[in-house]
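# What the coordinates show
Chain by chain, the residues run as shown.
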Amino acid sequence: MSCNRTQLCGRLETRGALRFSPAGVALVDFTIAHRSEQKEANSLRKVGCAMKATAAEDLAQEIAKLPVGTLIKATGFLAQASRTDFALVLHVQNFELIE
């Protein structure tokens, strides 16, 4: 099964420092805070979440320069945080600034 695509718009709520893996890959961990109204069962529903996210290489270096509070649209895939932590993390493959 190959369908695993997620897009989330929100505010850069937290951002860790740029770091490098043992193989030299640039990485940054951050959180996207989302708030919106979505239509469900013919009613508007207020929704919100904070999604943990990570980015690698050039994207990591770009995101590491963004100030907390920046509005972004992030696209990527979901994966569990680690072998023992089943929490979901958005692995960002593309992002855009929202004005």
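Above this text is the structure in question.
The structure reproduced in this document is the subject of the present report. (Residues numbered from 1 in each chain as written. Predicted model: local features only at pLDDT ≥ 70, side-chain atom pairs only at ≥ 80, totals over all residues. Heavy atoms only, no water.)

This part covers the pattern of salt bridges. According to the stated counting rule, one finds four salt bridges in the structure shown. Across the pair Arg-11 and Glu-13 runs a salt bridge whose closest N-O atoms are separated by 3.7 Å. A residue is classified by how much of its surface remains accessible, and Arg-11, at 34% relative accessible area, is partly exposed. Glu-40 serves as the salt-bridge partner of Arg-45, at 3.0 Å between the closest nitrogen and oxygen. (Salt bridge = Lys/Arg side-chain N within 4 Å of Asp/Glu carboxyl O. Buried < 20%, exposed > 50% of the residue type's maximum accessible area, 1.4 Å probe, protein only.)

This paragraph deals with unusual backbone geometry. Phi at Asn-42 takes a positive value of approximately 60°, unusual for a residue other than glycine. Along the polypeptide, Asn-42 turns up in the loop between strand S3 (26-40) and strand S4 (43-56). Here Asn-42 falls in the exposed class, since its relative accessible area comes to 71%. The phi angle at Glu-57 is positive, at roughly 55°, despite the residue not being glycine. Examined against the element boundaries, Glu-57 turns out to sit in helix H1 (residues 57-64). (Helix = DSSP H or I, 4+ residues; strand = E, 2+ residues; numbered from the N terminus.)

Below, the discussion takes up the environment of Arg-5. Mapped onto the elements of the fold, Arg-5 is located in the segment before strand S1 (6-15). With relative accessibility at 55%, the residue Arg-5 sits in the exposed group. Between the C-alpha atom of Arg-5 and that of Phe-77, which follows or precedes it by 72 residues, the distance is 4.9 Å. When sequence neighbours within four positions are dropped, the list of residues in contact with Arg-5 reads Thr-75, Gly-76 and Gln-93. (Contact = heavy atoms within 4.5 Å.)

This brings us to the pairing of strand S5 (residues 71-80). In terms of strand pairing, S1 meets S5 through six bridges, oriented antiparallel. If you follow Gly-10 over to S5, its bridge partner there is Ile-72. Relative to strand S6 (residues 88-97), S5 runs antiparallel, the two sharing nine bridges. Residue pairing in the sheet places Gly-76 in a bridge with Val-92 of S6. (Pairing = 2+ DSSP bridges.)

Inspection of the sheet shows S1 paired to S3 by four bridges, in the antiparallel sense. By the bridge assignment for S3, Thr-14 is matched with Thr-31.

Time to look at the state of the cysteines. Throughout the structure, instances matching the rule amount to zero disulfides. Not part of a disulfide, Cys-9 finds its nearest cysteine sulfur in Cys-49, a span of 11 Å. You can call Cys-9 partly exposed: its relative accessible area is 32%. Judged by its relative accessible area of 33%, Cys-49 falls in the partly exposed class. (Disulfide = S-S within 2.5 Å.)

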